[in-house]
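Structural overview
Read off the chains here:
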Amino acid sequence: MSDFSEELKGPVTDDEVETSVLTGAGMHFPWLQTYVETVAIGGKRKKDFAQTTSACLSFIQEALLKHQWQQAAEYMYSYFQTLEDSDSYKRQAAPEIIWKLGSEILFYHPKSNMETFNTFADRMKNIGVMNYLKISLQHALYLLHHGMLKDAKRNLSEAETWRHGENTSSRGILINLIQAYKGLLQYYTWSKKKMELSKLDKDDYAYNAVAQDVFNHSWKTSANISALIKIPGVWDPFVKSYVEMLEFYGDRDGAQEVLTNYAYDEKFPSNPNAHIYLYNFLKRQKAPRSKMISVLKILYQIVPSHKLMLEFHTLLRKSEKEEHRKLGLEVLFGVLDFAGCTKNITAWKYLAKYLKKTLMGNHLAWVQDEWNSRKNWWPNFHFSYFWAKSDWKEDTALACEKAFVAGLLLGKGCRYFRYILKQDHQILGKKIKRMKRSVKKYSIVNPRLSY
Amino acid sequence: MMKFRAEPWRPLPASSFSRWPVWCLVLISGMDFPRSLRPALFMTGPLGLSDIPDLSFMCSWQHALTVPETQPQNSENGALHVTKDLLWEPATPGPLPMLPSLIGEGLIPPGSFHTAPPILPAAPTPDTFLSLLSLCSLRALGCLQLPRASGCTPVPSPALSITTSSDPWDPGLTARDLLFRGGYRYRRRPRIVLDVTEQISRFLWDHGDVAFAPLGKLMLENFKLEGAGSRTKKTTVVSVKKLLQDLGGHQPWGCPWAYLSNRQRRFSILGGPILGTSVASHLAELLHEELVLRWEQLLLDEACTGGALAWVPGRTPQFGQLVYPAGGALDRLHFQEVVLSPGDSPQFLGNPGRIQLQGPVRQVVTCTVQGETLLAVRSDYHCAVWKFGKQWQPTLLQAMQVEKGATGISLSPHLPGELAICSRSGAVCLWSPEDGLQQVYKDPETLVFRDSSSWRWADFTAHPRVLTVGDRTGVKMVDTQGPPGCGLLLFRVGAEASCQKGERVLLTQYLGHSSSECLPPTLHLVCTQFSLYLVDERLPLVPMLKWNHGLPSPLLLARLLPPPRPSCVQPLLLGGQGGQLQLLHLAGEGASVPRLAGPPQSLPSRTDSLPAFPLLEPKIQWRLQERLKAPTIGLAAVVPPLLSAPTRGLVLFQLSAAGDVFYQQLRPQTDSDHHRDSGPRSDTESDCRAPTASWTSQDTAGCSQWLKALLKVPLAPPVWTAPTFTHRQLLGSVELRREEEEGQRSDVLRKAMAQGRLLLQRDLGSLPAAEPPPAPESGPEDKLSERLGEAWAGRGAAWWERQQGRTSGPGRQPRRPKRRTQLSSSFSLSGHVDPSEDTSPPHSPEWPPADALPQPPVTPPSQELTPDACAQGVPAERQQMLRDYMAKLPPQRGTPGCAATPPSSQASSVWTTRSQQHTPVLSGSQRPRKKPRMGF
């Protein structure tokens, strides 16, 4: 939309310097236009044509927001006049706006069907050729979600070979994306065939034919996807399927290279999934523990609350290195720092066990290192009287684990611990007694007892 | 040729699950990271790079679709969660004003507040910018008063309580007041120019006393003016001292009032060049500064970011309190109990508890953590936190002064009593009443690139020790325990989020407050003028969702609402400052990417409820309209208790800058509704989602009741006063007598104007029979045919002579001045209405500011002193006073003008109508404007 205010902020000539100052140093105000329109401050008046088109646009948007699809569709008929705007900027922007609004109307309109949508998309692709690739991609996505795999694939193939005007970098990326989506579609058929293959007996007469089919698919797909995933971005579905295919054909090094690149390339955003995929791959390959630990260490830096952290902890716990065992404690504390993990009973169980183990193993300093930065807020965050009551009510097992940790960290005088201790529970009675003994012995509040 | 792995291939999700230890499945799914993210290009760089293909397609339907992980065949029933009919139906076509409950008055005694116990001032850390004040010292400052000391019972009258909602309100300056309306007609690009010239000339004219008197005083103090003055006693010599003393009456060149006394006039001529430039240049500088400030405020008023309305849940789900500022200056904090009876509209219960504060309340936040409900309030330079006790009465915990001005306050959703505040100095502090302040971050510069705005924002994250720090250019996560100054950018206004040119952050909000399972507790909302972004703190810089909201006003309010049913679609309510409301449906349960679950929806704004009000007089209608158009400064949503219904409704409260609280009831359109008629549906059924809701008589009655209370409050009196120069000596006894008579009448008129009611005949006293409108004269065509006829007969010259004799003859002459007199002293709009606007009816809603200032201020000095001439360029509301004033002045020689008018005809002319203007004899151009007078 060529805003009035956009015009205001266009090429700044001498006498328009003041304007940009007044509109607030660089910030753009979409509502400036309405303010300005209330005051006739000279300048060219909007022509009737422009007025009706912009009014029509706002009617369509309003109808869409009220879910009045039929009304929006009726306004859309009139809006097509914007394609004949004498303002070349507006004329160029029009197809995209029409596509956005029109596709939305057709997507939600109760009487619209796939044919209507397809016709509309095909028409829009060719009006204002600038949007051919974008619309093709979105159209393919639409078809894909309606289960029309073949049509989607045909659409993408057409788009892939489309040439018009000069090649720009942005178009290059779009074509890469289209190819990658095509690759993804090929992956779908491939995995379907593979599924059939796995069901078939090796001696089956059809086996060879299907297997042949599966293998023929592979090279096309890999070529399609590999170009895109070199460009910085988030390409989870592509990487995942690509790696799966590489793995299937035994190209482990290739798969690992793709995953390593996806996880560690600095130009890429720090995507936790990249590390998770790499870790899962290594796990499947039965990689050495140290390698897996180093991958998870980075994931720990990015997402200390991830559920893989508990797996990380078990890895670290089993490690011989003292440094790793210390990190194991740190990881558990780190998980429980997060608001979404406070009721994670596994984490509490691990922490209770590991705390006791660490304290028994004469590593009071490790615990104190972790506890020092948390002692001013964990008591309120985890071990308040409120939580003691509600935890006991909701999940007694969780309450017991937490009480044990609270006792170890805060001593037997802590509210949480005392509250759980006071509760009379028949089954847990023994456990609570044992807990009391351990707390007396190992609590860090009284270091005399634990050396 | 084929090497086959022993392990048969299985679909990935199942296989990946099966490999995890069993306990992994027990984990709370809330913190799951999405297994597969939406493909997105990642570009670093500044914003507005057009080269990047916009991969975040702006159609809502594409957000609803996610790339299927495996076979899309399953997606038709599994992954494709597009709910096409996700719609909330408003119960009424528009929001309704909140009313006090009349029956429920005795039901529950409104809680009375106890005075807060004095709190020991916490020791402030030495290097902080904030100083903590104890309650005692606050009291001493007069900043905080608790008028309702222990056990004070509220005023029982319900009529009184209703007026609390309607304080006088001034819409403030508009673009029309600030911008230069003239300019080059045919310039291709219009330009925005602040109208400093207009404003300053108006100021000098209207408030010459303020502008010039101090100068005179200064000069008197610093100049020795006493000479041997007694020698020359000629009348032509005037004492400078006297003049300087009287400089308050000085009016600049061009001002019609500058000529009212000889002395003033001469002095104006003499001192004009000096006085004019020195005063005007100083004033203009200050004024320009002020106007720029006002214009910036008009473009973006960030003060109320976050919203100043909060809902505090009560003992039972049926009761609760709304906390919001009231009063003209929004400096009175109201704690209003509200009853939400099932099947009925929410009502105010009793009188609100009030706390008077020194500054306007900008933000009210509430949060319940571990069963403890806290309330944080931000004013411009103060922040305070209250705690709700067992009886749901607020107790002040601590108040604090922020020297540079506070811009944001938020309550921790994790730890009770912990807050984050940020100030214009760029500092962000963690504040808890027990431990005092801890400065977490300080940077006077903006995060990503340089931006002039000093707006800062702070909120919490999923980690209780990590805060987000935001400004116009980005959002950063800062560890409060880490080394100062470091952190990780969560959101960057730049190519990463494919931001547009000129895009800036308006609001950021942590969405983890509601502990529902629908969305992970790691999501943050970032709103700009164009779009909203959902960012996960585990994947910084790459938005999980981007949606172009297209709101026509700054998006400063957002609320994540509880899901209407356990379907895991959570509504997100967005509020623009202009009153627009939008509802988005967010889904993202478990390990899926957050997405829009359906098309967004707009909700009715306050202006939509105008039809519910009774038909009104134009002026009141306009006032009501302005009031309904007041900016929205607070939003709150409550799920009312409806035990039987499977789907939960919603009550939406909104607070306007005028201090009005409106509510809107919404109910989700259930799927069963949809399925019932999902067969062959007719057009009307499927498409006409046009609001089925309509106003009930109860609604309209409520609206009229509210309106009545609103109209009881008189408008603020005009601040303008007449110039202070003396003129008494010039008034003769005759005029004085007449003045008294007229004074009475004009008093009545003025009163009528102030009250905004129509003029009635009784206001004008005994009205003599109005002069009948002049009979239409023979039109020009008659004359023409007559002349042609005569000419045809050869008597053309004779006819011409006869005609000339008639027009210059005595027949017409006396009528002219008389009629002009009537016009000039009338109260009709004829004097200043632009003829082009004649077509608009007189009740056009834009009466005062709209056409009041259309004329350029440059009035030629020779212009006549008819009231109408003076009235030009004076705001409409002042014109009446000006006319009154001018009527008191001595009659001018050469103008048989206003003063000479006999009172009777003047009174009659009040009813001068537009029809009279069309009579050919009368028109403004006939005024003898150019006649010289008084020696000029």
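Above this text is the structure in question.
The text that follows walks through the structure, step by step, so that each part is easy to find. (Residues numbered from 1 in each chain as written. Chains lettered and ligands numbered in written order. Predicted model: local features only at pLDDT ≥ 70, side-chain atom pairs only at ≥ 80, totals over all residues. Heavy atoms only, no water.)

Quick word on the overall build of chain A
Convention followed: A run of H or I in DSSP becomes a helix once it reaches four residues, and a run of E becomes a strand once it reaches two; helices and strands are each numbered from the N terminus. Classification of residues uses two cut-offs on accessible area relative to the type maximum, computed with a 1.4 Å probe and protein chains only: under 20% is buried, over 50% is exposed, and between them is partly exposed. The Shrake-Rupley method, run with a 1.4 Å probe, gives the accessible areas here. Residue values count only the displayed protein chains as cover. When charges are counted, Lys and Arg contribute as positive and Asp and Glu as negative, whereas His and the chain ends are disregarded. Working definition for charges: the position is that of NZ of Lys, CZ of Arg, CG of Asp or CD of Glu.
Scanning chain A for helices and strands turns up 24 helices and one strand. By its C-alpha atoms, chain A is 90 × 75 × 45 Å across when sized along the principal axes. Counting over 451 residues, chain A shows a buried share of 54%. Of the accessible surface of chain A, which amounts to about 20,600 Å², a share of 52% is contributed by carbon and sulfur atoms. Counting 64 positive and 48 negative side-chain charges, chain A places the averaged centre of each group 15 Å from the other.

Focus on the pattern of salt bridges
Residues and elements named next belong to chain A. So the rule is basically this: Within this document, salt bridges are pairs made up of a side-chain nitrogen of Lys or Arg and a carboxyl oxygen of Asp or Glu, the two lying within 4 Å of each other.
Within this structure, the stated rule accounts for 31 salt bridges over all chains. Asp151 serves as the salt-bridge partner of Arg154, at 3.3 Å between the closest nitrogen and oxygen. Linking Arg154 with Asp151, this pair stays in helix α9 (residues 149-160), spanning three residues, or about one helical turn. The class of Arg154 is partly exposed, set by a relative accessible area of 45%. Judged by relative accessible area, Asp151 falls into the partly exposed class, the value being 22%.

A look at helix α6 (residues 88-108) of chain A
Spelled out, the test is: Expected span of a helix, by definition, is 1.5 Å for each gap between consecutive residues, and there is one gap fewer than residues. Consider a residue and the seven residues that end there alongside the seven that start there; fitting an axis to each set, the bend is the angle between those axes.
Taking 1.5 Å of rise per residue, the 21 residues of α6 of chain A would be expected to cover 30 Å, and the 31 Å separating its terminal C-alpha atoms lies within 8% of that figure. The sharpest bend along α6 of chain A comes to roughly 35 degrees, located at Ala94 of chain A, with the proline Pro95 of chain A sitting one to four residues further on.

Focus: the sheet that holds strand β23 (residues 523-528) of chain B
Residues and elements named next belong to chain B. Quick note on the threshold: A pair of strands is considered paired only if DSSP assigns at least 2 bridges between the two. Only C-alpha atoms enter the line fits that serve as axes; for helices the fit covers just the stretch in contact. Angles between N-to-C directions range over 0 to 180 degrees.
In space, the four strands of this open sheet follow the order β22-β23-β24-β25, with antiparallel pairing throughout. With partners counted over all chains shown, the strands left at the sheet margins are β22 (505-510) and β25 (545-548), one partner each. Here the average twist between neighbouring strands, direction ignored, is 15 degrees.

Some words on the environment of Glu626 of chain B
Residue and element names in this part refer to chain B. Note the cut-off: By the convention used here, residues are in contact when the closest approach between their heavy atoms is within 4.5 Å.
Summarising the element assignment, Glu626 is placed in helix α11 (residues 618-628). Residues Glu626 and Ser697 lie 71 residues apart in sequence; the distance between their C-alpha atoms is 24 Å. If sequence neighbours within four positions are ignored, Glu626 has contacts with Trp169 and Pro171.

Overview of helix α17 (residues 322-336) of chain A
Residue and element names in this part refer to chain A. Taking 1.5 Å per residue as the helical rise, α17 with its 15 residues ought to reach 21 Å, and the 22 Å between its terminal C-alpha atoms agrees with that figure. Regarding α17, the residues found buried are His324, Leu327, Gly328, Leu329, Val331, Leu332, Phe333, Gly334, Val335 and Leu336. Considering only its buried residues, α17 is in contact with α15 (289-302), α16 (308-318), α18 (345-360), α19 (364-372), α20 (378-381) and α22 (396-410).

Digging into the packing of helix α14 (residues 272-284) of chain A against α16 of chain A
All names here are of chain A. Here is the rule: Each angle gets one of four labels, with under 35 degrees taken as roughly parallel, over 145 as roughly antiparallel, 65 to 115 as roughly perpendicular, and the rest as oblique. Left-handed is the label given to a crossing in which the near helix is rotated counterclockwise from the far helix by less than a right angle, and right-handed is the label when the rotation is clockwise. Note on residue categories: nonpolar means Ala, Val, Leu, Ile, Met, Phe, Trp, Tyr, Cys or Pro, charged means Asp, Glu, Lys or Arg, and polar means any other residue, Gly included.
Packing of α14 against α16 brings their axes to within 13 Å, and their N-to-C directions diverge by 45 degrees. The angle between α14 and α16 places the two elements in the oblique class. The chirality of how α14 crosses α16 is left-handed. Contact residues: Ile276, Tyr279 and Lys283 in α14; Leu308, Glu311 and Leu315 in α16. Per-class residue counts for the contact of α14 with α16 are four nonpolar, no polar and two charged.

Comments concerning the nonpolar core
Within soluble globular proteins, side chains that are nonpolar generally end up buried alongside one another. Formally: The set of buried Ala, Val, Leu, Ile, Met, Phe, Trp, Tyr and Cys residues whose side-chain atoms join them within 4.5 Å is what this entry labels a nonpolar core.
Judged by nonpolar contacts, the single largest core of 148 residues is most densely connected at Trp235, Leu351, Trp378 and Leu409 of chain A. Not counting the four nearest positions on each side in its chain, Leu351 of chain A is found in contact with Leu329, Leu332, Phe333, Leu336, Trp378 and Val405 of chain A. Core analysis: the next-biggest nonpolar cluster, separate from the first, contains 51 residues, Leu309, Val323, Val638 and Trp706 of chain B among them.

Here's the deal with the sheet that holds strand β18 (residues 457-460) of chain B
Residue and element names in this part refer to chain B. Ordered in space as β18-β19-β20-β21, the four strands form an open sheet in which the pairing is antiparallel. Single-partner strands in this sheet number two, and they are β18 and β21 (488-492). Along the sheet, successive strands turn relative to each other by an average axial angle of 25 degrees, direction set aside.

Regarding the side chain of Ser443 of chain A
Checked against the element boundaries, Ser443 of chain A lands in the segment after α24 (429-442). Looking at Ser443 of chain A, the relative accessible area reads 6%, which means it is buried.

Topic: the state of the cysteines
Working definition: the covalent bond between the sulfur atoms of two cysteines is a disulfide. Residue and element names in this part refer to chain B. What counts here: When the sulfur atoms of two cysteines come within 2.5 Å, that pair is taken as a disulfide.
Across all of its chains, the model carries zero disulfides over all chains by this definition. As a non-bridged cysteine, Cys422 has Cys383 as the owner of its nearest cysteine sulfur, 8.5 Å distant. By relative accessible area, Cys422 is classed as buried at 1%.

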